[in-house]
Amino acid sequence: MKKTLFTLSVIFGFLLMPTVASAQEDVAYWGKEEAYLLRQASYMYKLVDEALDEYPPVVGAPTSRRLALYNLDAMLHETKYDNTDPFKGFVSSRVGKVVEDMKQPVKKGMKIYKIYNDGFVARTKSVTIAFDVVRGACNNEQIVSNEHIDAIVDQCDVLFLSHNHGDHVDSYVADRFIAAGKPVVAATEILKDVKGVTHYRSESETLDKVVELKSGESLKVKIYPGHQSEMMCNVYAVTTPEGLTVAHTGDQYNKEDFAWINTVKNQKPAIDALLINCWSMDIAEAIKGFNPRYVLTGHENEMGHTIDHREAFWLTFQKLQPVEHDYVVMAWGEWFSLK
């Protein structure tokens, strides 16, 4: 009964809001359309935030969770809400929850956090691995606060960077890792003159590397020669000391690369979690090539884009319909645990 009532409140919440406010508040919005819409946005973002907490990421998604994500699409695809206080408050709330949860140890398995865009953090009992973590920007305004990014970096052991685009590489974040004596691993085009960045790249073969961490632990890393069109895009498959492997594709999008993508399923170690951009070329076939236990998508609603390229959650679910692997679709500031 509780969940049924909550679902109805999400569907009709924006219609019910005026009944919550006082008559005096209602009158105050007459003739003030922008103020009215901003007030509506504050209610909607708050309700989506609450719904995501009540219905956390799971394989597939129940109707109530998809409804929350689709409502978030609607808000993020209305540019009048870009960089407004309701939007900023929503982002701060979501990422703040990641910061708080990361203070707790991971006792077993792997926990994967989606920070913003295609930025992920994967944690096990022994290591914490960051991929393409950025503060993000929309119309030249920063999205994730320095305070939250600093707190996340403090918990991480290493940063992997896929390709040389600003929505995947943030020099502020890289500098924080370097200043702390933590490894930053990148394709050769990325921050190529910055001391403290280790560059790996081959156009002809998969590289097998070992990355030593400040903690004394080490990671086994396969680096595949991926591309976003013609731009080099390192695809990393990182194996933790516990034997769990997480792969991150960056903005992999290149037809010729299926020659090696289709062979990954035959290699060892097998991939436990694939972090793949939601608009990857032929995403269902790419997932077959990697053959992971779990698929987690990234890059929905990258705010630096126009709305036609702010990839919607509803579109991600549509693209994943033919996928036979277990998949999980997350908003910013959410996490999923692999057993």
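All figures in this text were calculated on a predicted structure; none of them were measured in a lab.

1. A closer look at the sheet that holds strand β8 (residues 197–199)
- The 7 strands lie next to each other as β8-β7-β6-β3-β2-β1-β16, forming an open sheet whose pairing is mixed. Edge positions in the sheet fall to β8 and β16 (334–338), since each of these pairs with one other strand and no more. When the angles between neighbouring strand axes are averaged without regard to direction, this sheet yields 20 degrees.
- Here strand β1 (residues 110–114) pairs with strand β2 (residues 120–123) via 4 bridges, running antiparallel. Looking at β2, one finds that K114 is bridged to F120.
- In this fold helix α7 (residues 171–179) packs onto β3 (128–131), β6 (158–161), β7 (184–186) and β8, with an angle of close to 145 degrees to the strand it touches most, β6.

2. Describing helix α6 (residues 146–155)
- By the burial criterion, the buried members of α6 are H148, I149, D150, I152 and V153.
- Each element contacted by the buried residues of α6 is listed here: α5 (85–101), β2 and α7.

3. Re the packing of aromatic side chains
- Inspection of the entire model under this criterion finds 14 aromatic pairs.
- The interplanar angle of 50 degrees and the centroid separation of 5.5 Å between the aromatic rings of Y113 and W335 together place this pair among those described as tilted. Taken together, the residues span a long stretch of sequence, with Y113 in strand β1 and W335 in strand β16 at a distance of 222 residues.
- What makes Y113 buried here is its relative accessible area of 0%.

4. Observations regarding the state of the cysteines
- Scanning the model with the defined rule gives 0 disulfides in all.
- Just so you know, C138 is unpaired, no disulfide at all, and the nearest cysteine sulfur is the one on C278, 17 Å from it.
- The class of C138 is buried, set by a relative accessible area of 0%.

Conventions adopted
- Residues numbered from 1 in each chain as written.
- Predicted model: local features only at pLDDT ≥ 70, side-chain atom pairs only at ≥ 80, totals over all residues.
- Heavy atoms only, no water.
- Pairing = 2+ DSSP bridges.
- Helix = DSSP H or I, 4+ residues; strand = E, 2+ residues; numbered from the N terminus.
- Axes fitted to C-alpha atoms, helices over the stretch in contact; angles between N-to-C directions.
- Contact = heavy atoms within 4.5 Å.
- Buried < 20%, exposed > 50% of the residue type's maximum accessible area, 1.4 Å probe, protein only.
- Phe/Tyr/Trp six-rings, centres within 6.5 Å; stacked < 30°, edge-to-face > 60°.
- Disulfide = S-S within 2.5 Å.

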